[in-house]
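# Architecture and fold: a report
Take a look at the letters that make up each chain.
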2 protein chains.
Amino acid sequence: MDYKSKKVIGMGVVTDLTGLSERQVRYYEEKGLVLPERTKGGSRKYSFHDVERLIEVATKLEDGWRIQDIKERERRLSTKQRDDMIRGQLNSAFRTFPTKK
Amino acid sequence: MDYKSKKVIGMGVVTDLTGLSERQVRYYEEKGLVLPERTKGGSRKYSFHDVERLIEVATKLEDGWRIQDIKERERRLSTKQRDDMIRGQLNSAFRTFPTKK
DNA sequence: CGTGTAAGGAATTCTGACACG
DNA sequence: CGTGTAAGGAATTCTGACACG
């Protein structure tokens, strides 16, 4: 695992880095948009990747998105990505599988 | 600044990552071998680079080095590096400056 | 010299709840 | 729905000191 994915950042640094409040950060977690790890004592630990994710979420909210919208869109995207993967696999298996157009 | 150099890691994670005690980590700082940043409240914050540095220091201590030895050696190394830099600059200024051999 | 430990305090983070719009 | 806030507690980290070898 690389530096970007290692969950080592505490709440204080996260609020500094993102400009968000603790409340916001915890709420986005409650809604399943970020998944920090926990220390034995229960403190949240985030990765740099999580920090970027939080900023992305906050930006979309400012743009008028709702949290449900964000989750919805991403669910669909990952579904499409799965479809593309399967299509790719079929493609190499049978060189005749029809792709779009 | 990249992820590796950003000082965002608290003491707890540092001891987890290095296997060192808080005492050791603070002592190496006292001796000038690592230079964490501080939060407003006074908590130390380390980078991934610092973490690797701490492991390196601890390893050398296990190998019988003394902290002063470690600092001494590095002082000399950086002096040599400075010499090399200056030699390089002179080299490009006067293509005749004698390099070793 | 390098490290352990007990002591007491200050800073940090957590949860659950009430509030607002 | 997304966020602020006051409340109380638990976990975290800090400093200075004494101890050992």
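Residues numbered from 1 in each chain as written. Chains lettered and ligands numbered in written order. Predicted model: local features only at pLDDT ≥ 70, side-chain atom pairs only at ≥ 80, totals over all residues. Heavy atoms only, no water.

### A few points about the relation of the copies chain B and chain A
Here is the rule we go by: Residues below a pLDDT of 70 in either copy are left out; the C-alpha atoms of the rest, at least 70 in both, set the least-squares superposition of the copies. Any two residues having at least one pair of non-hydrogen atoms within 4.5 Å are treated as being in contact.
Structural alignment of chain B on chain A gives an RMSD of 0.0 Å, achieved by rotating through 180° and translating 0.0 Å along the axis. Here the copies are linked by what is in effect a two-fold axis. For chain B, the minimum C-alpha distance to the rotation axis belongs to Ile9(B) and amounts to 2.9 Å. Of the interface residues in chain B, 100% have counterparts in chain A that sit at the interface too, so the contact is made through matching surfaces.

### Things to note about the protein's contact with DNA strand D
This is how it is decided: Nearness is defined per residue: one heavy atom within 4 Å of the molecule or strand is enough. Nitrogen and oxygen atoms within 3.5 Å of one another constitute a polar contact, given that in protein one can donate a hydrogen and the other can accept it, and given that sequence-neighbouring residues count only through two side-chain atoms. Think of it this way: any DSSP run of H or I at least four residues long counts as a helix, any run of E at least two long counts as a strand, and we number them from the N terminus.
Around DNA strand D sit 17 residues in total, of which Ser21(A), Arg23(A), Tyr28(A), Ile67(A) and Arg44(B) are the nearest. Sugar and phosphate atoms form 68% of the subset of DNA strand D atoms that lie within 4 Å of the protein. In this structure, Ile67(A) approaches DNA strand D through a main-chain N or O atom, which is 2.5 Å from a phosphate oxygen. Contact between DNA strand D and Arg26(B): a phosphate oxygen at 3.0 Å from a side-chain N or O atom of the residue. Broken down by secondary-structure element, the contributors of at least two residues to the surface near DNA strand D are helix H2 (22-30) of chain A together with helix H1 (11-18) and helix H2 (22-30) of chain B.

### With respect to the nonpolar core
Stated formally: Buried Ala, Val, Leu, Ile, Met, Phe, Trp, Tyr and Cys residues form a nonpolar core when they are joined through side-chain atoms within 4.5 Å. Each residue gets one of three labels from its accessible area relative to the maximum for its type: buried under 20%, exposed over 50%, partly exposed in between, using a 1.4 Å probe on protein chains only.
In terms of nonpolar packing, the biggest core is built from 36 residues, with Ile9(A), Tyr28(A), Leu54(A), Ile9(B), Tyr28(B) and Leu54(B) touching the most fellow members. Taken together, the elements giving at least two residues each to this core come down to helix H1 (11-18), H2, helix H3 (48-62) and helix H4 (67-93) of chain A together with H1, H2, helix H3 (48-62) and helix H4 (67-93) of chain B. Setting aside its immediate chain neighbours within four residues, Leu54(A) contacts Val14(A), Thr18(A), Leu20(A), Val25(A), Tyr28(A), Val34(A) and Tyr46(A).

### Concerning the interface of chain B and chain A
Which entries qualify depends on this criterion: Buried area is understood as the total, over both parts, of accessible area removed when two parts are fitted together, assessed with a 1.4 Å probe. The working definition used for a salt bridge is a side-chain nitrogen of Lys or Arg within 4 Å of a carboxyl oxygen of Asp or Glu.
On the side of chain A, 12 residues touch chain B, which itself brings 12 residues to the contact. Across the interface of chain B and chain A, roughly 1200 Å² is buried in total on both sides, 70% from carbon and sulfur atoms. On the chain B side of the contact with chain A, Tyr3(B), Val8(B) and Phe48(B) bury the most area, a combined 54% of that side's loss. Counting every contact that joins chain B to chain A gives two salt bridges. When the shortest N-O distance is used, the salt bridge between Asp16(B) and Lys40(A) registers 2.8 Å.

### Some words on the protein's contact with DNA strand C
For DNA strand C, the set of nearby residues contains 17 residues, the closest of which are Arg44(A), Ser21(B), Arg23(B), Tyr28(B) and Ile67(B). Between DNA strand C and Gly12(A) there is a distance of 3.0 Å, counted from a phosphate oxygen to a backbone nitrogen or oxygen. Between Ser21(B) and DNA strand C, the recorded distance is 2.6 Å, taken from a side-chain N or O atom to a phosphate oxygen. Among the elements of the structure, H1 and H2 of chain A together with H2 of chain B are those that each provide at least two residues to the surface near DNA strand C. Looking at which element gives the most residues to the surface near DNA strand C, the answer is H2(B), with four residues.

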